[in-house]
Amino acid sequence: MRAWQRGWHDRSKIEKVEFQSMAMWHAMPWIFFLSWNSVPLSVGLRHETSAQVLGWSLIAVAAAQSVHANRTVRRSVDHYLNRTELPRRDLAVTCALLAVAVGLALALQWTGGLKEGVLGLTVLYLVVPLGQSLAFAVPIRTFLARFALLDAAIVGAFAAVGTPGGQLAAFASLIGVAGLMTLLSSRCGAWTLSVMWEVDRAREVESRLAVAEERLRFGRDMHDVMGRNLAVIALKSELAVQLARRGRPEAVDQMVEVQRIAQESQREVRELVRGYRDVELGVELIGAQGVLEAAGITCRVTGSAAGLPAPVQSALGWVVREAATNVLRHGDAANCDITLAVTRERTTLVVENDGVPEVSVPGTGSGLAGLRERLAAVDGTLDFTCEGGRFRLSAEVPLPRAGAENPREKEVLL
C-alpha cells in the first residue's frame, strides 16, 4: 500500500487526471452492463428453455463486450492523443460482438422469451461499448453519421422480426441516447486530456526557450565583454613580439599594457558572472506566487524585500525558487504561505504548504543541501519540518549592523 501511495504521489497532476479518466472509462461499460443488461435480463427472462439459453448467452456476450472494451480503451485513448495508430482490429472485434449480441436479442424478441419492457434496456446497453470506441477513434461528425446508420440498421432488424411500431420508436430513441451519452462521456474527457497535455508540452517548450534565450543573452554579453579586449591583447602581443625581436625597449611597455587589459577583462567577466548569478528576492517572490497560482495552488506572500543587502536577497531568492519547485513536484498542495520577516538583526523566510503525504520524506534530495551551502556564505541557516501533512521550510540570515565591516568584503578587498 505504501509503495502504491508513493507511486501515486510521484505522478504529475495531469498524469493523475489521466489515470482517473481511464478508471472511469474502464468502469463505465460494467456499470451499464449491471444496471441495463445482466440484472434486468436475468429477472425478465421467461422460464422456457429456449429463453433461458438465449438470455444467458446474451448476458455472456454482453460481458465479453465489457471485457473487450476494457482491453481496447487504452489504445483508443492513445490514438485520440496521437500516441498510436487507429486500433482497427479492436474496432472490428467490437462490431462482431455487437452483431452477435443483437442477433441474440432479435431471437429473444422473435420467440417472446422476455417480459414486456425489458428488451429496451438491453438494446440501450449493447451499443455502449462500440460507442465508446468510436468516440475516441473518429471525428464527431463521422461518429454521428455511423451511429445514425447503426440505429437505422438495428431498428430495421427488429422491424423485420415483427416488433411493434411504438417499441421500434423507443429502440431508436434509446440507441440515440446511448450514442450521445458515450460521445459526451468519452470525447469530452479525452478532449480535456489533450488540452492539458498540449499545455504541458507548451510549458516545457517555453522553459526550454527561456533557458536558450538566457544562454544567448549570456553569450552575447560575454562576447561584448571579451571580444574587443581579446582582439586588443592579440594585437599588442604581436606588436610586443615584433619589438622584442628588434631589441626595442617598448616591448616591455606593450606587455605591461597586455597584462593590464587581461586583468581588466578578468574583472569584467567576474562582474558579468556575478550579475548573471545574482537573484532579486522581490522578483522571486512575485514569480513563485504567479507559478503556484497558475498551478491551482493558493499562494499568499507576506513581507517585503526592499532594503535588504544584495547577498541576502540572492541567498533567500534561491530558497524561494527551491521551495516553489518542491511544492509543485512533491505532494498535492492546495495552499502555500510565504512569509518574509525583517528585523534589525536578521531576516527570516518561511515557506509552508499543505498536501504533503505522510509516506514521503521531503528534504532528502540535493536541493536543500545546495541551499544550505548558499546560506552558509551569508552565515544563514536552513531548517524544515514535516508533520500533519504540512511541510515548513525556514531560512534565517543575520543582517550586518549599520557601519559594521563585513569580514568577507574585507578579505575580497585585501
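Residues numbered from 1 in each chain as written. Predicted model: local features only at pLDDT ≥ 70, side-chain atom pairs only at ≥ 80, totals over all residues. Heavy atoms only, no water.

**Q** Please provide a residue-by-residue account of helix 5 (residues 119–126), values included.
**A** Across the 8 residues of helix 5, 7 count as buried, placing the element largely inside the fold. Listed in full, the buried residues belonging to helix 5 are Leu119, Gly120, Thr122, Val123, Leu124, Tyr125 and Leu126. (Buried < 20%, exposed > 50% of the residue type's maximum accessible area, 1.4 Å probe, protein only. Helix = DSSP H or I, 4+ residues; strand = E, 2+ residues; numbered from the N terminus.)

**Q** I'd love a proper account of the pattern of salt bridges, names of residues and values included.
**A** One pass over the full model with this rule turns up 13 salt bridges. Of the charged contacts, one joins Asp337 and Arg300 as a salt bridge, the two residues approaching to 2.7 Å between their closest N and O atoms. Within this pair, whereas Asp337 is found in strand 2 (residues 335–342), its partner Arg300 is found in strand 1 (residues 298–302), the two being separated by 37 residues in sequence. Given the relative accessible area of 22%, Asp337 is considered partly exposed. On the accessibility criterion, Arg300 (41% relative accessible area) is partly exposed. (Salt bridge = Lys/Arg side-chain N within 4 Å of Asp/Glu carboxyl O.)

**Q** Account for the packing of helix 2 (residues 13–44) against helix 3 (residues 49–80), naming residues and giving values.
**A** One way to put it is that helix 2 packs onto helix 3 with a least axis distance of 10 Å and a crossing angle of 170°. Considering their axes alone, helix 2 and helix 3 lie roughly antiparallel with respect to each other. Of the residues that constitute the contact of helix 2 with helix 3, the class distribution is 15 nonpolar, 7 polar and 2 charged. (Axes fitted to C-alpha atoms, helices over the stretch in contact; angles between N-to-C directions. Parallel < 35°, antiparallel > 145°, perpendicular 65-115°, else oblique. Nonpolar A, V, L, I, M, F, W, Y, C, P; charged D, E, K, R; others polar.)

**Q** Run through the nonpolar core, naming residues and quoting values.
**A** Within soluble globular proteins, side chains that are nonpolar generally end up buried alongside one another. Judged by nonpolar contacts, the single largest core of 45 residues is most densely connected at Leu58, Leu126, Val127 and Phe158. Sorting the residues of this core by element identifies helix 2, helix 3, helix 4 (88–111), helix 5, helix 6 (128–137), helix 7 (140–160) and helix 8 (165–245) as the ones contributing at least two each. Ranked by residues supplied to this core, first place goes to helix 4 with 8 residues. Those residues within four positions of Phe158 in sequence are excluded, and the remaining contacts are Ala105, Leu106, Gln109, Leu119, Val123, Thr163, Leu168 and Phe171. (Core = buried A, V, L, I, M, F, W, Y, C linked by side-chain atoms within 4.5 Å. Contact = heavy atoms within 4.5 Å.)

**Q** Got a sec to walk through the UniProt feature "transmembrane region" (unreviewed entry) in the chain? Specific residues and values, please.
**A** Here, UniProt's "transmembrane region" (unreviewed entry) annotation points to residues 21–39, 51–70, 91–111 and 117–136. Secondary structure content for residues 51–70 is 100% helix and 0% strand, while the C-alpha to C-alpha distance between its ends is 29 Å. (UniProt positions renumbered as here; feature names shortened; annotations may be inferred.)

**Q** Which residues make up the confidence of the model for the chain, and what values do they have?
**A** On average, the chain scores 83 in pLDDT, and the residues at 70 or more come to 88%. Long-range and interchain partners of residues 403–414, a stretch whose pLDDT sits below 50, account for 4 contacts in this model, where long-range means more than four residues apart. (pLDDT = per-residue confidence, 0-100.)

**Q** Any details on the side chain of Gln254? Residues and values, ideally.
**A** Within the secondary structure layout, Gln254 lies in helix 9 (residues 250–277). Residue classification places Gln254 among the buried residues on the basis of a relative accessible area of 17%. One polar contact links Gln254 to Lys236, side chain to side chain, over a distance of 3.5 Å. Residues within four places of Gln254 in sequence aside, it is in contact with Lys236, Leu239, Ala240 and Leu243. (Polar contact = N/O pair within 3.5 Å; in protein donor to acceptor, adjacent residues only side chain to side chain.)

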